[in-house]
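# Descriptive structure summary
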Amino acid sequence: MNNNLKLTWDLESIFPGGSSSSEFQTFLETLEKDLLQLKADINAAAAPKNLDETKSFDVIISMMESCISRISEGSGFVSCLQAQNQSDTKAVQLSGRITNLHALFSTITTQFDDILGRTDDDTWKAWMEREEMRPISFVMNESRDHAREKLSPELESLALDLAVDGYHGWGDHYDTIVSQVKIPFEKDGETVQLSAGQAHNKLHDADKKVRDDMFAKWKEAWADKADYCSDTLNHLGGFRLKLYERRGWNDVLKEPLSICRMSKQTLDAMWGVIQDNKEMLLKYMERKAKLLGVDRLNWVDVDAPLGKSSSKVSYQEAAETIVEQFRKFSPQMADFAEMAFDKSWIEAEDRSGKRPGGFCTSLSVSKATRIFMTFSGTPSNVSTLAHELGHGYHQHVMNDLPVFNQNYAMNVAETASTLAEMIVADAMVKKATNEEEKLALLEDKIQRSVAFYMNIHARFLFETRFYEKRKKGLLTAEELNELMEEAQKEAYCNALSEYEPTFWCSKLHFYITGVPFYNFPYTFGYMFSTGIYAQALKEGGSFAEKYDALLQDTGAMTVEELAKKHLNADLTGRDFWQSASDLLKQDVEDFLSMTENLA
């Protein structure tokens, strides 16, 4: 690996010229032309009546795969442009164009799926048994079933067209709101204006005064934007609910569960085990409060590192640590991470103007990924970096599969990322050279358990209740604050002294239009990956190959089938989830033992 890694990513190798790239303009023009031709071809097609007629769809399916790859490439490139510079107005325009292409392809998909739905059962069975179709038969069957649950193709297409400037437009509007958030911070005697992303890092500062002062300013800044955010959230929710109503869907979880290819029974089993096992985290939080010298933790204390100062990790050190620990689990995983660092696939520089948060985006044509984050040298940053590299590795092992089979859902995507995070965190705890370092790393690891057991649970409770109330009308910013705080109190078992009522404003995930309920899949991924890790610890080095096979099946199976095939586990029951929780419980017990004489 290079000894002088760059903190900024390389976008020039994708399309030179950034948001002014002429190559990218040509790319989009060609893609649009091909999409329009594909739309015409599907409009002219009819449901096949026998096996021979199914062969005429081979070219259509091939072109659909090509368009999927190119839309992914274009979308990924534009998301990178917007994230690296929120003032790039040309990137915003390109985002609008990509949204239009997405809508066009969604219309095409709706028309294609309608053909699948109207194909008679005998012809369908014969079609799926063709050698060319067998590898993608799961996805085709899924698409056929979905088509039969939706509106007519004409109405679905109309809804998709209207969503561009309606539904997705509100999502884009939220990005504009975030770009205007500036929060003052005293640094070396001067006041600097921090972006939302930079300010968020200060909420986890080791100095309690820094994080408390920033927390007050943070809430004030978002309260100032609350009316804009409430308008945005209300209209996003209203659009979604109206579409569900027209489709005859009464349960707001129907679509997110379907997207995640999981059953309500599995979701309920997971949350049930989590609720029953929160007691261990409450003990951890009580001990942490004593160590921080407070009666009870407040919202920003939960993620605060223990101690008044914490050592900083350089980007180079973080990269070397991640590659080293990945290699102990899987040489292939380490090789991928090394390649990502060496080829400058990662944007990590701490500067103003960047979007908050982190992500990994796939570039299907280039068979590459790009990772975005803001690295300031904290253990949490190292975890985020490992997390996003886990996403990248997931896509990497799927690059040679049929394009249709690469569309894995968020819950299993979060499995790969959280497992990568866990590998690094667990290894760092075990190799710590002294008790102080071990405690800091163990505590950082447990914090993530709190996030998935409690923070994400609060988001799930909030969003579930928001949609129920939204059915009856618009909610004010004050009502959303109350709903958020109520959910946080329940999820955290009333353990905190202060909550974050404006969290619904600042959390991007509530405003993402591509995936409804951008919350429970995170906890699923965490728990599922913990269960996988427990099995990996038992099986040793031979498990890496099994893990790759599991990842490769994530786009072509339900999660229940995936767990049964690769882990021999039943996700609808409690045993698998409890085994994952038991592993986390051990971390808490170690923490309590180590801190018994410190509190």
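Below, the structure is looked at part by part. Treat the numbers as computed from the prediction; the structure is a model and nothing was measured.

For the rest of this paragraph, the subject is the sheet that holds strand β4 (residues 359-363). Hydrogen bonds between backbone atoms are what pair the strands of a sheet, whose relative direction is either parallel or antiparallel. With respect to topology, three strands assemble into an open sheet ordered β3-β5-β4, the strand pairing being mixed. Both edges of this open sheet fall to β3 (346-347) and β4, since each of them pairs with a single strand only. Strand direction decides the pairing type here: β4 and strand β5 (residues 368-372), joined by five bridges, are antiparallel. Pairing of T361 across the sheet is with R370, part of β5. This element, helix α3 (residues 58-84), spans β4 and β5 of the sheet and lies at about 145° to β4.

With that settled, consider the pairing of β4. Among the five residues that make up β4, four are buried, leaving the element largely enclosed by the rest of the structure. Connecting β4 to the next strand, β5, in antiparallel fashion are four residues, including K367 with a positive phi near 55°.

Its location among the elements puts N234 in helix α10 (residues 208-247). By relative accessible area, which is 3% here, N234 ends up buried. At 2.8 Å, the side chain of N234 forms a polar contact with the backbone oxygen of S230. Those residues in contact with N234 that sit more than four places away from it in its chain are F466, R470, L474 and L475.

On inspection of all chains with the given rule, the structure shows 34 salt bridges. For D276, the salt bridge is made with R574, and the minimal N-O distance between the two is 2.7 Å. Linking D276 in helix α12 (residues 264-276) with R574 in the loop between α23 (559-567) and α24 (575-594), this pair joins segments that are 298 residues apart in sequence. For D276, a relative accessible area of 52% gives the class exposed. Shared partners join several salt bridges into a network, and the residues in it are K208, R211, D212 and D301.

Another point: the packing of aromatic side chains. The geometry of an aromatic ring pair is captured by the separation of the ring centres together with the interplanar angle, meaning the angle of the planes. All told, the structure shown has 36 aromatic pairs when counted by the stated rule. Geometrically, the ring pair formed by Y315 and F341 is edge-to-face, given 5.9 Å between the ring centres and 75° between the ring planes. In this pair, Y315 is assigned in helix α14 (residues 315-329) and F341 in helix α15 (residues 331-342), connecting sequence segments 26 residues apart. A residue is classified by how much of its surface remains accessible, and Y315, at 7% relative accessible area, is buried. You can call F341 buried: its relative accessible area is 3%. Summarising the aromatic geometry, the rings of F503 and F510 are spaced 6.4 Å apart at their centres and angled 85° between planes, so their arrangement reads as edge-to-face. The pair formed by F503 and F510 is uniform in burial state, with each residue classed as buried. Cluster of aromatic residues (ring-pair linked, three or more members): W271, W299, F460, F462, F466, Y467, Y492, F503, F510, F517 and F520. A cation over a ring is seen here: K219 above F215, with NZ or CZ 4.3 Å from the ring centre. Here the basic side chain of K254 rests over the ring of W249, its NZ or CZ set 5.3 Å away from the ring centre.

A full pass over the atoms with the stated rule returns zero disulfides. Free of any disulfide, C229 has its nearest neighbouring cysteine sulfur in C505, separated by 4.2 Å. Judged by its relative accessible area of 0%, C229 is buried.

Turning our eyes to something else, we now look at the packing of α14 against α15. For the pair α14 and α15, interaxial distance at closest approach is 6 Å and the crossing angle is 160°. Here α15 runs roughly antiparallel to α14, going by the angle between their axes. Counted together, Y315, A319, V323, F326, R327 and F329 of α14 and P331, M333, A334, D335, A337, E338 and F341 of α15 form the full contact between these two elements. Along the lines of polarity and charge, the residues of the contact of α14 with α15 split into ten nonpolar, no polar and three charged.

About the thresholds
Residues numbered from 1 in each chain as written. Predicted model: local features only at pLDDT ≥ 70, side-chain atom pairs only at ≥ 80, totals over all residues. Heavy atoms only, no water. Pairing = 2+ DSSP bridges. Helix = DSSP H or I, 4+ residues; strand = E, 2+ residues; numbered from the N terminus. Contact = heavy atoms within 4.5 Å. Axes fitted to C-alpha atoms, helices over the stretch in contact; angles between N-to-C directions. Buried < 20%, exposed > 50% of the residue type's maximum accessible area, 1.4 Å probe, protein only. Polar contact = N/O pair within 3.5 Å; in protein donor to acceptor, adjacent residues only side chain to side chain. Salt bridge = Lys/Arg side-chain N within 4 Å of Asp/Glu carboxyl O. Phe/Tyr/Trp six-rings, centres within 6.5 Å; stacked < 30°, edge-to-face > 60°. Lys NZ or Arg CZ within 6 Å of the ring centre and 35° of its normal. Disulfide = S-S within 2.5 Å. Parallel < 35°, antiparallel > 145°, perpendicular 65-115°, else oblique. Nonpolar A, V, L, I, M, F, W, Y, C, P; charged D, E, K, R; others polar.

Function-wise, these values are silent; they only describe arrangement.
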